[in-house]
Amino acid sequence: MKITVQSSKAVKPAHGSGGAPCPTATDNVVPLTVFDKVNFDQRISGVNFFHPPAPPHGALELGLAKALAAHRVWAGRLGVDANGDRAIVLNDAGARFVEATADVALASLLPLEPTPELLGLHPGRGGRGAEELMLVQVTRFACGSFAVGTTAHHLVADGHGVGSFVVAWGNATRGAAIDPVVPPRDRASIFAPRCPPRVEFEHRGAEFKPGGDQQLGTRNVDPGDDEPVVHRVRFDREFLAELRSTASAGAALRPSFSTLQCVAAHLWRCVTKARGLGGGEVTTTLRIAVDGRRRMHRQRVPEGYTGNVVLWARPATTAGELVSMPLRHAAALVSRAVASVDDRYFRSFIDFASSGAVEAEGLAPAAGPAKNKVHSPDVEVYSLVGLPFPDLDFGTGRPFLHTVSYLPEEGLVFLESSPSGDGGIDALVCLFRRAMNVFKTCCYTLPTGADARL
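Described in the following lines is the structure provided in the data block. (Residues numbered from 1 in each chain as written. Predicted model: local features only at pLDDT ≥ 70, side-chain atom pairs only at ≥ 80, totals over all residues. Heavy atoms only, no water.)

## Looking at the overall build of the protein
The number of helices and strands found in the protein is 12 helices and 18 strands. Looking at the protein as a whole, 54% of its 454 residues are labelled buried. Look at the contacts in the protein between residues 6 or more apart in sequence, and 81% of them connect residues 24 or more apart. As displayed, the protein has an accessible area near 18700 Å², and 53% of this comes from carbon and sulfur atoms. (Helix = DSSP H or I, 4+ residues; strand = E, 2+ residues; numbered from the N terminus. Buried < 20%, exposed > 50% of the residue type's maximum accessible area, 1.4 Å probe, protein only. Contact = heavy atoms within 4.5 Å. Areas by Shrake-Rupley, 256 points an atom, 1.4 Å probe, with all protein chains shown as cover.)

Below, the structure written as structure tokens:
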């Protein structure tokens, strides 16, 4: 597939359009919140695929300008505030808008596997070195289908926030109303600490690490001559039902494990076995992103907030126990860990992160790319299920597929809704090539009873 860039330009907000208010002089700098600061200081990319017809260039550009007026942070730049702290500078410099063409029909790429070829559907191969906080690329295929790739800075927003902006772009393009957005200047006040603060949990070693240390939980694994590869696993609705049933088998009281918890537990076990760790006493940790939008009750996150509101659950056990015990054991570990990241935990995190201890002790965010792009013996899981991307519509219909871009980071897993719309879940799993054949064999295996060992 050959991608040819036809145009590339900065699109600035169309203030005063679509009901978006004109900015004032007091709106020029937005401090990062405690959730922004603890997140990944890097860009995240995704791509949506659409059947023809494709919207005209002018409509897409005008819609983008209107959406940027409502979601003004995406037209800004990272900088510092008056105190020297990192902040979003609302200078309306704009988002990068790229139009490109592909010399093949989209059908020739189906089914879309996670390969380096996907990187061509993003501006500047993931926006590396770019100043823009939001970069978008519309790629038109020879058959009339089109793809919309987005590359967004994670310090500005999480996946939910990115999805909300992209949906707003679609609404503005087709002339629909844009949902109200929390004004940028209100971001920090939403997560104000309590008075007096109540730090009820230990956040050192969880969200924070000593400055200069590598990512918590990773080991310096030598990949040798091997390379990480990404494989898409498709779990249909019937398999998911069987998975939940297997996870609940043998329990005195039927546990209420969610489908996503069961999938995460199952993949954790399969990855551990594929790595050849099943007989060892090494500790393995599953790192799962937890969205606080529905978990914070005493001080709710308002509708229309598009920044970061994510912390992580970290169930852990030995590799030998994980693989030898029934799936129910792993699912229970996952369920308990996720449940513990509740309103009290989120509020405790806010109080600790706002206390000055992070600065005084020289702590750094634990989130970051894995050392040498290797998480082993741990696994990191992010779910895109339930994000707003399926609602994206530029006036010619919703996407038939949304997927993250190619990211070869060993031990990294993304969960997505099945493009078939049958209620299934796809998992994009990255492992070393030497481990992938074992993983492909065991990921569709559900041993029970005496055969609990994978």
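Let us keep going from here.
## Brief notes about the environment of Asn171
Following the sequence through the fold, Asn171 ends up in helix α4 (residues 159-173). Taking relative accessible area as the criterion, Asn171 reaches 9% and is therefore assigned buried. Here the alpha-carbon distance between Asn171 and Phe394, two residues 223 residues apart in the chain, equals 6.6 Å. Among residues more than four places away in sequence, those in contact with Asn171 are Ala176, Ala177 and Asp393.

## Side note on the pattern of salt bridges
This structure, assessed with the given rule, holds 22 salt bridges. Here Glu200 ties to Arg344 by a salt bridge, and the two come within 2.8 Å at their closest N and O atoms. Linking Glu200 in the loop between α5 (187-190) and β9 (208-210) with Arg344 in helix α10 (residues 343-353), this pair joins segments that are 144 residues apart in sequence. Under the relative-accessibility criterion, Glu200 is labelled partly exposed at 35%. When its relative accessible area of 40% is taken as the criterion, Arg344 is described as partly exposed. Here Arg433 makes a salt bridge to Glu227, at a shortest N to O gap of 2.6 Å. Within this pair, whereas Arg433 is found in helix α12 (residues 433-442), its partner Glu227 is found in the loop between β9 and β10 (228-235), the two being separated by 206 residues in sequence. (Salt bridge = Lys/Arg side-chain N within 4 Å of Asp/Glu carboxyl O.)

## Observations concerning unusual backbone geometry
With omega at -5°, the peptide bond leading from Leu110 into Pro111 counts as cis. Within the element layout of this structure, Pro111 appears in the loop between β6 (95-102) and α3 (124-127). A cis amide bond links Ser376 to the next residue, Pro377, at an omega of 10°. By secondary structure assignment, the location of Pro377 is in the loop between β14 (363-365) and β15 (379-383). The backbone of Asp92 sits at a positive phi, close to 55°, despite the residue not being glycine. Among the secondary structure elements, Asp92 is positioned in the loop between β5 (86-89) and β6. A relative accessible area of 15% means that Asp92 is categorised as buried.

## Section: the nonpolar core
With 116 residues, the main nonpolar core has Trp74, Trp169 and Phe439 as its most contacted residues. Per-domain counts for this core show at least three residues from each of domain 1 (3-186) and domain 2 (224-443). Excluding residues that lie within four positions of it along the chain, Phe439 makes contacts with His231, Val233, Leu267, Cys270, Val271, Ala274, Val429 and Leu431. One finds Val47, Phe49, Ala147 and Leu401 within the second-largest nonpolar core, a separate group that totals 12 residues. (Core = buried A, V, L, I, M, F, W, Y, C linked by side-chain atoms within 4.5 Å. Domains from an automatic or database assignment.)

## A word on the sheet that holds strand β2 (residues 29-31)
Judged by pairing direction, the sheet is antiparallel, and its 3 strands sit side by side in the order β2-β5-β4 without closing on themselves. Each of the sheet's edge strands pairs with one partner strand only, and the pair in question is β2 and β4 (77-80). Along the sheet, successive strands turn relative to each other by an average axial angle of 40°, direction set aside. The pairing of β4 with β5 spans 4 bridges and is antiparallel. (Pairing = 2+ DSSP bridges. Axes fitted to C-alpha atoms, helices over the stretch in contact; angles between N-to-C directions.)

## Some words on the sheet that holds strand β3 (residues 43-50)
Note: strands within a sheet are paired through backbone hydrogen bonds, in either parallel or antiparallel orientation. Taken in spatial order, the 6 strands line up as β1-β6-β7-β8-β3-β16 in an open sheet, and their pairing is mixed. At either end of the open sheet lies a strand with only one pairing partner, and these are β1 (3-11) and β16 (401-404). Adjacent strand axes in the sheet meet at a mean angle of 15°, parallel and antiparallel pairs treated alike. Examined bridge by bridge, β1 and β6 share 8 bridges and lie antiparallel to one another. For Ile3, the partnering residue across the bridge sits in β6 and is Ala102.

## Description of the packing of helix α7 (residues 259-274) against helix α9 (residues 327-340)
In the contact formed by α7 and α9, the axes pass within 8 Å of each other and the chain directions differ by 125°. By the angle class used here, α7 and α9 are oblique. Between α7 and α9 the crossing geometry is right-handed. For the pair formed by α7 and α9, the contact residues are Gln261, Ala265, His266, Trp268 and Arg269 on the first element and Leu327, Ala330, Ala331, Leu333, Val334, Ser335 and Val338 on the second. Considered class by class, the residues forming the contact of α7 with α9 number 8 nonpolar, 3 polar and 1 charged. (Parallel < 35°, antiparallel > 145°, perpendicular 65-115°, else oblique. Left-handed = near helix turned anticlockwise from the far one by under 90°. Nonpolar A, V, L, I, M, F, W, Y, C, P; charged D, E, K, R; others polar.)

## Let's talk about α9
The first and last C-alpha atoms of α9 sit 20 Å apart over 14 residues, in line with the 20 Å expected at 1.5 Å per residue. Where α9 is concerned, the buried positions are Leu327, His329, Ala330, Ala331, Ala332, Leu333, Val334, Ser335, Ala337 and Val338. (Expected span 1.5 Å × (residues − 1).)

## Observations concerning the side chain of Ser418
Topologically, Ser418 is positioned in the loop between β17 (412-417) and β18 (425-432). Judged by its relative accessible area of 15%, Ser418 falls in the buried class. Non-local contacts of Ser418, meaning those with residues more than four positions away in its chain, are made with Gly424, Ile425 and Asp426.

## Quick word on the environment of Asn39
Here Asn39 shows up in the loop between α1 (34-37) and β3. Expressed as a C-alpha distance, the spacing of Asn39 and Val309, which sit 270 residues apart in the sequence, is 9.3 Å. Contact partners of Asn39, with chain neighbours within four places excluded, come to His154, Leu155, Asn308, Val310, Trp312 and Ala367.

## Side note on α4
Compared with an ideal rise of 1.5 Å per residue, which puts 15 residues at 21 Å, α4 spans 21 Å between its outermost C-alpha atoms and is within 8% of the ideal. Most of α4 is tucked away: 12 of the 15 residues are buried. Of the residues flanking the start of α4, the one acting as N-cap is Asp158, its side-chain oxygen 3.3 Å from the backbone nitrogen of His160. (Polar contact = N/O pair within 3.5 Å; in protein donor to acceptor, adjacent residues only side chain to side chain.)

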